[in-house]
Amino acid sequence: MLVLKDEDPRIHGIKTKIRVVPNFPKPGIMFQDITTLLLDPKAFKDTIDLFVERYKGKNISVVADRFSFCPSKIDKGTFKGIEARGFIFGPPIALAIGAKFVPLRKPKKLPGDVIFEEYTLEYGKDRLEMHVGAVELGERALVVDDLIATGGTLCAAMNLLERVGAEVVECACLIELPDLQGRERLNGKPLYVLVEYQ
Ligand SMILES: O=P(O)(O)OC[C@H]1O[C@H](OP(=O)(O)OP(=O)(O)O)[C@H](O)[C@@H]1O
Ligand SMILES: Nc1ncnc2[nH]cnc12
């Protein structure tokens with residue numbers, strides 16, 4: 001069951017549009033499918049608006065988000081779905097708050113010089129890369145993702161930004177899986193989520 005995080009009536013509409021698919025991509029995983037949310041322009045817009053309302057006027061100059069789009073792959077027992085979720089929420093939030101968008105990509109997708117961080121997922125392991133020079137010392141950054149599970153992805157993203165001297169103001173996710181205790185990997189960094197799955 002998805003649990004409402006607060007009383008904003010828009011959150012109820014958002015929650016009803018997230019489909020939960022049991023046993024995908026592996027037995028035991030309750031997959032939170034946001035593609036059904038994207039089919040509903042009002043729910044999708046409400047999601048972006050809630051984040052924009054929270055971060056507008058907060059002097060944030062960087063929105064960092066995973067940015068990936070490539071075919072599925074299966075390697076050494078690790079299933080990775082279509083890599084397409086990371087770029088959905090970050091760019092519209094960045095545009096609306098007047099920040100630049102910095103893509104954090106899976107390996108070998110960025111053409112310039114990169115720094116990278118490796119991390120583990122609920123159902124696999126991966127690596128995030130960021131272009132050298134995309135973020136400058138002292139910039140205030142927001143890290144956005146669709147979902148926090150074990151927290152590995154957000155932790156890797158924060159590490160990348162902090163290694164180049166950015167200040168990560170907050171992490172923002174549409175969905176949290178609290179049972180996986182991902183928050184505890186964020187070293188006390190604030191995390192804002194719209195819905196929890198329990
Ligand atoms: O908190 P964590 O345990 O790190 O898991 C959360 C991450 O898992 C999913 O991405 P995934 O890498 O599965 O790929 P996709 O978004 O490209 O489909 C999701 O979009 C988050 O980025
Ligand atoms: N249960 C889950 N649903 C959707 N994306 C995920 N990423 C990691 N765990 C996930």
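What counts, and where the lines are drawn
Residues numbered from 1 in each chain as written. Chains lettered and ligands numbered in written order. Predicted model: local features only at pLDDT ≥ 70, side-chain atom pairs only at ≥ 80, totals over all residues. Heavy atoms only, no water. UniProt positions renumbered as here; feature names shortened; annotations may be inferred. Core = buried A, V, L, I, M, F, W, Y, C linked by side-chain atoms within 4.5 Å. Buried < 20%, exposed > 50% of the residue type's maximum accessible area, 1.4 Å probe, protein only. Helix = DSSP H or I, 4+ residues; strand = E, 2+ residues; numbered from the N terminus. Salt bridge = Lys/Arg side-chain N within 4 Å of Asp/Glu carboxyl O.

If you check an unreviewed UniProt entry, the chain appears there as adenine phosphoribosyltransferase from Malus domestica. Its UniProt record gives the chain the following Pathway (unreviewed entry) comment, quoted word for word: "Purine metabolism; AMP biosynthesis via salvage pathway; AMP from adenine: step 1/1."

Asker: Looking at this structure, how should I read the nonpolar core?
Answerer: In globular proteins that are soluble, nonpolar side chains generally tend to be buried together. Among the nonpolar cores identified, the biggest contains 31 residues, and Phe89 and Leu174 are the most heavily contacted of them. Residue assignment for this core shows that the elements contributing at least two residues are helix H1 (9–16), helix H3 (41–55), helix H4 (90–97), strand S10 (140–148), strand S11 (167–176) and strand S12 (191–197). Ranked by the residues each element gives to this core, the list is headed by H3, at six residues. Membership of the second largest hydrophobic core comes to 25 residues, among which are Val143, Ala157, Leu161 and Leu186.

Asker: Would you mind showing me how to read unusual backbone geometry here?
Answerer: Excluding glycine, most residues fall at negative phi; most peptide bonds, likewise, are trans. Cis geometry marks the peptide bond from Phe24 to Pro25, where omega comes out at -5°. Even without being glycine, Gln181 reaches a positive phi, approximately 55°. Note that Gln181 resides in the loop between S11 and S12. Using a relative accessible area of 47% as the deciding quantity, one classes Gln181 as partly exposed.

Asker: I would appreciate a short explanation of the pattern of salt bridges in the present structure.
Answerer: Once their charged atoms are close, side chains differing in charge can pair, the charge on each being opposite to the other. Summed over the entire model, instances satisfying the criterion amount to 16 salt bridges. In this structure, Lys100 and Glu139 form a salt bridge, with 2.8 Å as the shortest nitrogen-oxygen distance. With Lys100 in strand S7 (residues 100–104) and Glu139 in the loop between strand S9 (124–131) and S10, this residue pair connects regions lying 39 residues apart in the sequence. For Arg127, the salt bridge is made with Glu118, and the minimal N-O distance between the two is 3.8 Å. Judged by its relative accessible area of 57%, Glu118 is exposed. Each of the salt bridges in this network shares a partner with another, and the network as a whole consists of Asp8, Arg10 and Glu53.

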